[in-house]
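Structure at a glance
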Amino acid sequence: MNISPTYRGIFFMLLAALGFSIMGGAAKALKGSFNAGQLVFWRNSIGLLFITISLINRAPEQTGGKLLRLIFRGLMGTSAVYMLLYCILHLPLGTAMSYNLTSALFIALFSFLLFKEYEGRWVLLAVLLGFAGMLLIYKPNIHFPWYYHLAGLLSGILSAIAYLTVGRLTKYYDTRVIVLSFVLTGVLVPLLFTLLRYLLQLPADEILFINWRWPQQSEWFPVILMGTSALFGQYFVTKAYGADKAGVVSAISYAGIIFSIFIGMMLGDAFPDAVSLMGIVCIIISGLIISFIKKQNEARRITA
């Protein structure tokens, strides 16, 4: 397909957003069959297979030397996926994805708190608007246990930490090795907790301790769809950021909320009520403001 360079990044990010939304829908379709830990394992097993093949075919070119930071990125990314999938299993899909996409707010907040990167009053306003959106989502869904919402919030916080770490790893490691740190951790951590459960005779729970079972015949399709759509999304995220400025393409990622709302409705979720919808819109506007400010700052740095 011949796509104009002007719209290539936008198109790729739309595909990425669709891929991640399909991943969420596939995970939600497995509710009642698998817990979050099992879904983390299967999602990353498929990714590990493809990344390993890629690294065998073409050796990574990198300087390395930041192993602890690489391990930390893997742990943060895996923890974020645990929280996201737990949230997806228990909240409407659009709500779960809205929480996860608050990562942009936390990136802006942590960049200021940790690295003193203050990007102006508009970004501060966007962060406050985003938090107001989260409160609006929480209020109409208060009949859900509070810890479901906490899991959603943590998915955004942990994703932000993982993304900030990635930005500081790309100077030292091949992109595929950074992704490998994530998917390998996402396979090893569930296996570790499974082993601990059997050794210590602990009861299975909804997140960490897995009661191991293989997917049944009807479950293989959503399991494979979950893993491949996550890879599809990750691939096109990389393509999108390579084709256009980060501020432009990150704004388009919020289309994932819209995709997720409709995929969730196909799986039985109700359309968000007026207050929830207002909260989702606040989060989208907040992300757009932050993306726009980033775009302006990138343009200033280039012309400086």
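Residues numbered from 1 in each chain as written. Predicted model: local features only at pLDDT ≥ 70, side-chain atom pairs only at ≥ 80, totals over all residues. Heavy atoms only, no water.

Looking at the overall build of the protein chain
Convention followed: Helix and strand assignments follow DSSP, with helices taken as H or I runs no shorter than four residues and strands as E runs no shorter than two, numbered in order from the N terminus. Only protein chains enter the area calculation, which uses a 1.4 Å probe; residues under 20% of their type maximum are buried, those over 50% are exposed, and those in between are partly exposed. Only the protein chains shown count as cover for residues, and the accessible areas themselves come from Shrake-Rupley with a 1.4 Å probe.
Within the protein chain, the secondary structure is distributed over 12 helices and zero strands. Along its sequence from the N terminus, the protein chain presents helices and strands in the succession α-α-α-α-α-α-α-α-α-α-α-α. Sorting the 304 residues of the protein chain into buried and exposed places 50% on the buried side. Of the roughly 15,200 Å² of accessible surface on the protein chain, a fraction of 70% belongs to carbon and sulfur atoms.

Observations concerning the pattern of salt bridges
Rule in force here: Salt bridges are defined by distance alone: a side-chain nitrogen of Lys or Arg within 4 Å of a carboxyl oxygen of Asp or Glu.
All told, the structure shown has three salt bridges when counted by the stated rule. Here Asp 174 ties to Arg 176 by a salt bridge, and the two come within 3.1 Å at their closest N and O atoms. For the pair Asp 174 and Arg 176, one class covers both residues: buried. The closest approach of N and O atoms between Arg 213 and Glu 219, which form a salt bridge, is 3.1 Å. By relative accessible area, Glu 219 is classed as buried at 10%.

So, the side chain of Ser 286
Let me state the cut-off plainly: Every residue pair with non-hydrogen atoms within 4.5 Å of one another is taken to be in contact.
Relative to the assigned elements, Ser 286 resides in helix α12 (residues 274-303). Judged by relative accessible area, which is 0%, Ser 286 ranks as buried. With near-sequence residues (within four places) excluded, Ser 286 lies in contact with Leu 105, Ala 126, Val 127, Leu 129 and Gly 130.

Notes on the packing of helix α4 (residues 93-100) against helix α6 (residues 121-138)
Heads up, the rule is: Axes here refer to lines fitted to C-alpha atoms; in helices the fit is confined to the stretch in contact. Angles between the N-to-C directions go from 0 to 180 degrees. Relative orientations are named as follows: roughly parallel for angles under 35 degrees, roughly antiparallel for angles over 145 degrees, roughly perpendicular for angles from 65 to 115 degrees, and oblique for any other angle. Helix crossings get a hand from a simple test, with the near helix turned counterclockwise from the far one by less than a right angle marking a left-handed crossing and a clockwise turn marking a right-handed one. By the convention adopted, Pro, Cys, Tyr, Trp, Phe, Met, Ile, Leu, Val and Ala count as nonpolar, Lys, Arg, Asp and Glu as charged, and the other residues, Gly among them, as polar.
Running from N to C, α4 and α6 point in directions that differ by 155 degrees, and their axes come no closer than 11 Å. Our classification of the angle between α4 and α6 gives roughly antiparallel. In terms of crossing hand, the pair formed by α4 and α6 is left-handed. Side by side, α4 and α6 meet where Thr 95, Ser 98 and Tyr 99 of the first sit next to Met 134, Ile 137 and Tyr 138 of the second. Grouping the amino acids of the contact of α4 with α6 by side-chain chemistry returns four nonpolar, two polar and no charged.

A look at the side chain of His 90
Quick reminder of the rule: Any pair of N or O atoms that falls within 3.5 Å is considered a polar contact. Within protein, one atom must be able to donate a hydrogen and the other to accept it, and sequence-neighbouring residues count only if both atoms are side-chain atoms.
Tracing the backbone through its elements, the reader meets His 90 in helix α3 (residues 67-90). Using a relative accessible area of 15% as the deciding quantity, one classes His 90 as buried. For His 90, the side chain forms a polar contact with the side chain of Tyr 148, separated by 3.3 Å. Each residue touching His 90, except ones within four places of it in the same chain, is listed here: Phe 144, Tyr 148 and Glu 206.

Structural notes on the packing of aromatic side chains
For clarity, the threshold we go by: Any two rings among Phe, Tyr and Trp, with Trp reduced to its six-membered ring, count as a pair given centres within 6.5 Å; such a pair is stacked if its planes are under 30 degrees apart, edge-to-face if over 60, and tilted if neither. Here, a charge over a ring means that NZ of Lys or CZ of Arg falls within 6 Å of the ring centre while also lying within 35 degrees of the ring normal.
On inspection of all chains with the given rule, the structure shows 13 aromatic pairs. Measuring from ring centre to ring centre gives 5.6 Å for Trp 42 and Trp 214, while their planes differ by 55 degrees; the resulting arrangement is tilted. With a gap of 172 residues between them, Trp 42 in helix α2 (residues 36-57) and Trp 214 in the loop between α8 (175-200) and α9 (220-243) connect regions that are remote in the sequence. These aromatic residues form a ring-pair network of at least three members: Phe 41, Trp 42, Trp 212, Trp 214 and Trp 220. Lying across the ring of Tyr 172, Lys 66 places its NZ or CZ 5.2 Å from the centre. Here the basic side chain of Arg 213 rests over the ring of Phe 34, its NZ or CZ set 4.8 Å away from the ring centre.

Concerning a nonpolar patch on the surface
Put simply, the test is: Patch building starts from residues that exceed 30% relative accessible area and form no salt bridge, then joins like charges within 9 Å and nonpolar side chains (Val, Leu, Ile, Met, Phe, Trp, Tyr) within 5 Å.
A grouping of Leu 192, Leu 195, Leu 196, Leu 199 and Leu 200 is seen on the molecular surface, where their side chains present a nonpolar patch of about 490 Å² in accessible area. Relative to the helices and strands, Leu 192 resides in helix α8.

Description of the nonpolar core
What counts, and what does not: Residues belong to one nonpolar core when they are buried, are Ala, Val, Leu, Ile, Met, Phe, Trp, Tyr or Cys, and are joined through side-chain atoms within 4.5 Å.
Leu 39, Leu 85, Ile 88, Met 226, Tyr 254 and Ile 257 are the most contacted members of the largest nonpolar core, which has 71 residues in total. Per-element accounting of this core gives the leading share, 12 residues, to α3. In contact with Tyr 254, other than residues within four places in its own chain, are Leu 101, Ala 104, Ile 283, Ile 284 and Gly 287. Counting seven residues, the second largest nonpolar core, distinct from the first, contains Met 13, Leu 15, Phe 236 and Ala 240.

Quick notes on the packing of α4 against helix α11 (residues 255-266)
Packing of α4 against α11 leaves a shortest axis separation of 7 Å and a crossing angle of 155 degrees. Here α4 lies roughly antiparallel to α11, going by the angle between them. Crossing geometry of α4 relative to α11 is assigned as right-handed. Here Leu 93, Gly 94, Met 97 and Ser 98 of α4 come into contact with α11, specifically with Ile 257, Ser 260, Ile 261, Ile 263 and Gly 264. Partitioning the contact of α4 with α11 into residue classes produces five nonpolar, four polar and no charged.

Observations regarding the confidence of the model for the protein chain
Applicable threshold: Every residue carries a pLDDT, the predictor's confidence in it, which falls somewhere between 0 and 100.
Chain-level pLDDT for the protein chain is 82 on average; 87% of the residues reach the 70-or-more range. When mean pLDDT is taken per element in the protein chain, α3 scores highest with 92 and helix α10 (residues 246-252) scores lowest with 63.

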